[in-house]
Amino acid sequence: MSSVLADLCRYPIVQAPMAGGASGPQLAAAVSEAGGLGFLAAGYKTADGMYEEIKQLRGLTSLPFGVNLFMPQSEHPDPAAVEVYSHQLAGESTWYETPLGDVHGSSDDGYEAKLAVLLDDPVPVVSFTFGCPSRDVLDAFDRVDTFTIVTVTTAEEAQTAQWCGADAVCVQGIEAGGHQGTHRDDPQNDGTGIGVLSLITQVRETVQLPVLAAGGLMRGSQIAAVLAAGAEAAQLGTAFLVCPESGANRLHKQALTNPLFVRTDLTRAFSGRPARGLVNRFMREHGPYAPAAYPQVHYLTAGLRKAAAGVGDAQGMALWAGQGHRLARELPAGQLIEVLVAELGSARALLAEGGAS
């Protein structure tokens, strides 16, 4: 790892920030205490809610951690398309006895207020998803000694991050669970994402920034692979989703290894932005018709998803998961770090033996 990353965590393992409740203070603290880098997900939270979680996390660990922010959305979805989709969801509203949500919520996720909090009371690391901050913002974090990471899905996005002054990039492959962190949500690019190993190489040959790698990573041998490809650390989300410290819904955790859910796919059905999850009834029925309209569709379906979880119906929930979900291990986060580190050591030893033969 680069000297800066080595100062942040003992092992090259980063716990992905998973918005929606999974990545809370308990999980982040457990990961940091075990030698990884824990992350809080500030997405969908208010600035005050984010700060309360930061204070809780500081009470659980004195080790470095990160906070992830969603960038404000610049796209302007077609209101007519959102209206048509709301009519298509009418049956879901009747079935779950829940009204559809108000699509006129905030499109900036409280970004400016969260920046103010994080600059006033700095944390060790801040990462960004769905875009790249301006140079002024990244320079401001540099002045308060906060390490900044920008999520990228192409070499061009990595170039933008370097030009704007980011300290590192998180290279997100198409295998990753949850939302694709593309800087522009262009429907013409749906399904054109790049695998993490190819993307690491493209980014490494384009920019001079340290690279974190994300995308379906579940085993120490996979961490060894991305490190060998040029990454300095691996970011894992789905692997930590089933940990007892994770705040994910019980049904979500169970679904990851339930043989009923045989594959993942990218869908706009739940949020209006491409996100990888377990294929269920809701995704099959509504994915083909969901418009490119984030966060409007997220607001529209929020009540439905909550109602489905309330009645124990995983077929109506957003079951975000990476392609390696069947490899999930229900271990405490600290123990999972230990296992991953041991697997990483074994994989590196095999590579060394192969090189020496």
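As shown above, the structure is provided for reference.
Worth saying up front: this structure is predicted, and the values here are computed from it rather than measured. (Residues numbered from 1 in each chain as written. Predicted model: local features only at pLDDT ≥ 70, side-chain atom pairs only at ≥ 80, totals over all residues. Heavy atoms only, no water.)

Caption draft 1: View of the pattern of salt bridges. Inspection of every chain in the model, using the stated rule, returns 11 salt bridges. Asp-190 serves as the salt-bridge partner of Arg-268, at 2.8 Å between the closest nitrogen and oxygen. With Arg-268 in the loop between strand 10 (264-267) and strand 11 (275-278) and Asp-190 in the loop between strand 7 (178-179) and helix 9 (196-204), the pair connects residues that are 78 residues apart, well separated along the chain. Given a relative accessible area of 38%, Asp-190 falls into the partly exposed group. Residues Glu-343 and Arg-329 are paired through a salt bridge, measuring 2.6 Å at the closest nitrogen-oxygen approach. Of this pair, Glu-343 sits in helix 15 (residues 333-356) while Arg-329 is found in the loop between helix 14 (296-310) and helix 15, placing the two residues 14 residues apart along the sequence. Salt bridges sharing common partners tie together Glu-92, Arg-281 and Glu-285. (Salt bridge = Lys/Arg side-chain N within 4 Å of Asp/Glu carboxyl O. Helix = DSSP H or I, 4+ residues; strand = E, 2+ residues; numbered from the N terminus. Buried < 20%, exposed > 50% of the residue type's maximum accessible area, 1.4 Å probe, protein only.)

Caption draft 2: Summary view of the sheet that holds strand 7. Spatial strand order, 7-11-10: three strands in an open sheet with antiparallel pairing. The open sheet is flanked by strand 7 and strand 10, the only strands paired with a single partner. Here strand 10 runs beside strand 11; their pairing, made up of four bridges, is antiparallel. In the sheet register, Thr-267 faces strand 11, and the bridge partner there is Ala-275. (Pairing = 2+ DSSP bridges.)

Caption draft 3: View of the sheet that holds strand 6 (residues 168-172). In spatial order, the strands read 1-9-8-6-5-4-3-2; together these eight strands make up an open sheet with parallel pairing. Edge positions in the sheet fall to strand 1 (13-15) and strand 2 (38-41), since each has one partner strand and no second. Averaged over all pairs of adjacent strands, the angle between strand axes in this sheet comes to 25 degrees, irrespective of strand direction. Examined bridge by bridge, strand 2 and strand 3 (residues 65-70) share four bridges and lie parallel to one another. What sits directly across from Ala-41, in strand 3, is Asn-68. Most of the contacts of helix 10 (residues 220-228) go to strand 9 (residues 233-236), to which it runs at about 135 degrees, and overall it touches strand 1, strand 8 (211-214) and strand 9. (Axes fitted to C-alpha atoms, helices over the stretch in contact; angles between N-to-C directions. Contact = heavy atoms within 4.5 Å.)

Caption draft 4: Layout of the packing of helix 2 (residues 25-33) against helix 3 (residues 47-60). Taken N-terminus to C-terminus, the directions of helix 2 and helix 3 make an angle of 35 degrees; their axes are 9 Å apart at the nearest point. Crossing hand, helix 2 versus helix 3: right-handed. When helix 2 is examined against helix 3, the residues Pro-25, Gln-26, Ala-28, Ala-29 and Glu-33 are found in contact with a partner set consisting of Glu-53, Gln-56, Leu-57 and Leu-60. Partitioned by chemical class, the residues of the contact of helix 2 with helix 3 number five nonpolar, two polar and two charged. (Left-handed = near helix turned anticlockwise from the far one by under 90°. Nonpolar A, V, L, I, M, F, W, Y, C, P; charged D, E, K, R; others polar.)

Caption draft 5: The arrangement of the layout of surface pockets in detail. What the largest pocket holds in volume is close to 990 Å³. What lines the largest pocket is a set of 47 residues, among which Met-18, Ala-19, Gly-20, Gly-178 and Trp-320 lie closest to the centre. At the level of elements, strand 3, strand 4 (125-129), strand 6, strand 7, strand 9, helix 11 (238-241) and helix 14 are the ones that each hand at least two residues to the lining of the largest pocket. In terms of residue count, helix 14 provides more of the lining of the largest pocket than any other element does, five residues in total. A class-by-class count of the residues in the lining of the largest pocket yields 23 nonpolar, 22 polar and two charged. Taken as a whole, the second largest pocket spans an internal volume of roughly 350 Å³. Lining the second largest pocket are 20 residues, and of these Thr-153, Thr-154, Thr-182, Asn-189 and Thr-192 sit closest to its centre. (1 Å grid on protein atoms, 1.4 Å probe; cavity = no way out; pocket = protein on both sides within 12 Å on 5 of 7 lines; lining within 4 Å. Points joined across faces, edges and corners; volume = space filled by probe spheres on them.)

Caption draft 6: Summary view of the packing of helix 6 (residues 111-120) against helix 7 (residues 135-143). As a packed pair, helix 6 and helix 7 sit with axes 10 Å apart at the nearest point and diverge in direction by 20 degrees. The orientation of helix 6 with respect to helix 7, classified from their angle, is roughly parallel. Viewed along their axes, helix 6 and helix 7 form a crossing whose handedness is left-handed. In this structure, helix 6 contributes Tyr-111, Leu-115, Leu-118 and Leu-119 to the contact, and helix 7 contributes Val-137, Ala-140 and Phe-141. Its residues assigned to classes, the contact of helix 6 with helix 7 comprises seven nonpolar, no polar and no charged. (Parallel < 35°, antiparallel > 145°, perpendicular 65-115°, else oblique.)

Caption draft 7: Representation of the side chain of Glu-157. Its location among the elements puts Glu-157 in helix 8 (residues 155-164). Buried and unpaired, Glu-157 has no salt bridge, with Arg-273 as the nearest side chain of opposite charge at 7.7 Å. A polar atom in the side chain of Glu-157 sits 2.6 Å from the backbone nitrogen of Thr-153. If we skip the residues at most four places from it in the chain, Glu-157 touches Val-152, Gly-181, Thr-182, His-183 and Arg-184. (Lys, Arg positive; Asp, Glu negative; His and termini not counted. Polar contact = N/O pair within 3.5 Å; in protein donor to acceptor, adjacent residues only side chain to side chain.)

Caption draft 8: Looking closely at helix 6. What helix 6 keeps buried is the set Tyr-111, Lys-114, Leu-115 and Leu-118. Buried residues along helix 6 cover an arc of 105 degrees about the axis, so they all sit on one side. Facing away from the buried side of helix 6 by more than 90 degrees, the exposed set consists of Glu-112 and Asp-120. Those residues of helix 6 that are buried lie in contact with helix 3, strand 3, strand 4 and helix 7. (Arc of directions from axis to C-beta.)

Caption draft 9: Geometry of the packing of aromatic side chains. This model, assessed by the stated rule, comprises six aromatic pairs. Aromatic side chains Phe-270 and Phe-282 sit 4.7 Å apart centroid to centroid with 20 degrees between the ring planes, which places their arrangement in the stacked category. Within this pair, whereas Phe-270 is found in the loop between strand 10 and strand 11, its partner Phe-282 is found in helix 13 (residues 281-286), the two being separated by 12 residues in sequence. No difference in accessibility class separates Phe-270 from Phe-282, as the two residues are buried. Counting every residue linked through ring pairs, the aromatic cluster contains Tyr-44, Phe-70, Phe-130 and Tyr-294. (Phe/Tyr/Trp six-rings, centres within 6.5 Å; stacked < 30°, edge-to-face > 60°.)

From the geometry alone we can't say anything about function, so treat these as descriptive.
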